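In case you want the letters, here they are:
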Amino acid sequence: MSKPVTRSADSLKSLTTKLKGLKLSLSNICVFVKNFKDDTTAAQINVRLEKLDTLWVQISETVWEIEAHEDFEEQESLQTSQVEMENRYYDAKSFLVEKAQAFQSDANQNQTLHPGDATLHGVMDHVRLPQIKLQCFDGNIDDWLSFRDLYTSLIHEKPDLPAVEKFHYLKGCLAGEAKALIDPLKITRDNYLVAWQTLLKRYNNNKLLKKKQVQAMIKLPSLIKESATDLHK
């Protein structure tokens, strides 16, 4: 004849089962963090952040109830498990908070600078001045110097502008051949300098630029008759 299960044993078993379910939910969030994808939305991050905090409160309360139970004996084992869960919680929380802050920073930047627009950029250091439009560059070497100097002044040399945002602006004001040169590069902090150096290597060619200037001088029309007006033209 089997020994009847006491009420206190049932209660301990129930608490242990509850803790297993909470640990599984924590593991699911940790898997989300481990397999974090670039197309993850801010909403997906925030939902898990809210769940994570609620989950940790439930885990802490359940562990306390188990430790206080009269039939509980495996103190050392539970403490080891709690340390492991706590470390996983802190790792997941710090990762998700960092990602959430990055989304918020991007959102604030978009509201003020509108980088997706066809390259309107407010001169933040001179807010009283009219906005300056970034020139669009399509690979025409004749337009390179004016594009390079304006882009360098407004974007490239801004120390307070993150590299990933500079890359976003750069892609936004390129077209044609120039755009095709850097299109394979993803918009990341490390890729920005790679993209900029690629453009410099292709178009910042002093010999080619001088050749273009000489060709432009050679193509000047000849004077048909001597006159101040024609000479001025």
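Residues numbered from 1 in each chain as written. Predicted model: local features only at pLDDT ≥ 70, side-chain atom pairs only at ≥ 80, totals over all residues. Heavy atoms only, no water.

1. What to know about the overall build of the protein
Scanning the protein from terminus to terminus reveals nine helices and two strands. Of the regular secondary structure in the protein, the N- to C-terminal order runs α-α-α-β-β-α-α-α-α-α-α. A buried classification covers 28% of the 233 residues belonging to the protein. Relative to all contacts within the protein whose residues are 6 or more apart in sequence, the contacts with residues 24 or more apart total 63%. If you sum the accessible surface of the protein, you get close to 16,300 Å²; carbon and sulfur atoms cover 53% of it. (Helix = DSSP H or I, 4+ residues; strand = E, 2+ residues; numbered from the N terminus. Buried < 20%, exposed > 50% of the residue type's maximum accessible area, 1.4 Å probe, protein only. Contact = heavy atoms within 4.5 Å. Areas by Shrake-Rupley, 256 points an atom, 1.4 Å probe, with all protein chains shown as cover.)

2. Thoughts on the side chain of Asn-191
Mapped onto the secondary structure, Asn-191 falls in helix α7 (residues 189–203). A distance of 3.2 Å separates a polar atom in the side chain of Asn-191 from a polar atom in the side chain of Thr-188. When neighbours within four sequence positions are excluded, Asn-191 is seen to be in contact with Phe-167, Leu-185 and Lys-186. (Polar contact = N/O pair within 3.5 Å; in protein donor to acceptor, adjacent residues only side chain to side chain.)

3. Details of the nonpolar core
Of all hydrophobic cores here, the largest spans 23 residues; its most connected members are Leu-19, Leu-26, Leu-52, Ile-59, Ile-66, Met-85 and Leu-96. Top element by residues in this core is helix α1 (residues 7–34). It accounts for nine residues. Filtering out sequence-adjacent residues up to four positions away, Leu-96 remains in contact with Ile-29, Phe-32, Val-33, Ile-45, Arg-48, Leu-49 and Leu-52. Judged by nonpolar contacts, the second largest core, of 22 residues, contains Leu-134, Trp-144, Phe-147 and Leu-199. (Core = buried A, V, L, I, M, F, W, Y, C linked by side-chain atoms within 4.5 Å.)

4. Brief notes about helix α2 (residues 42–68)
In this model, α2 (27 residues) spans 40 Å end to end at C-alpha, consistent with the 39 Å of a helix rising 1.5 Å per residue. For α2, the complete set of buried residues consists of Ile-45, Leu-49, Leu-52, Leu-55, Trp-56, Ile-59, Thr-62, Val-63 and Ile-66. (Expected span 1.5 Å × (residues − 1).)

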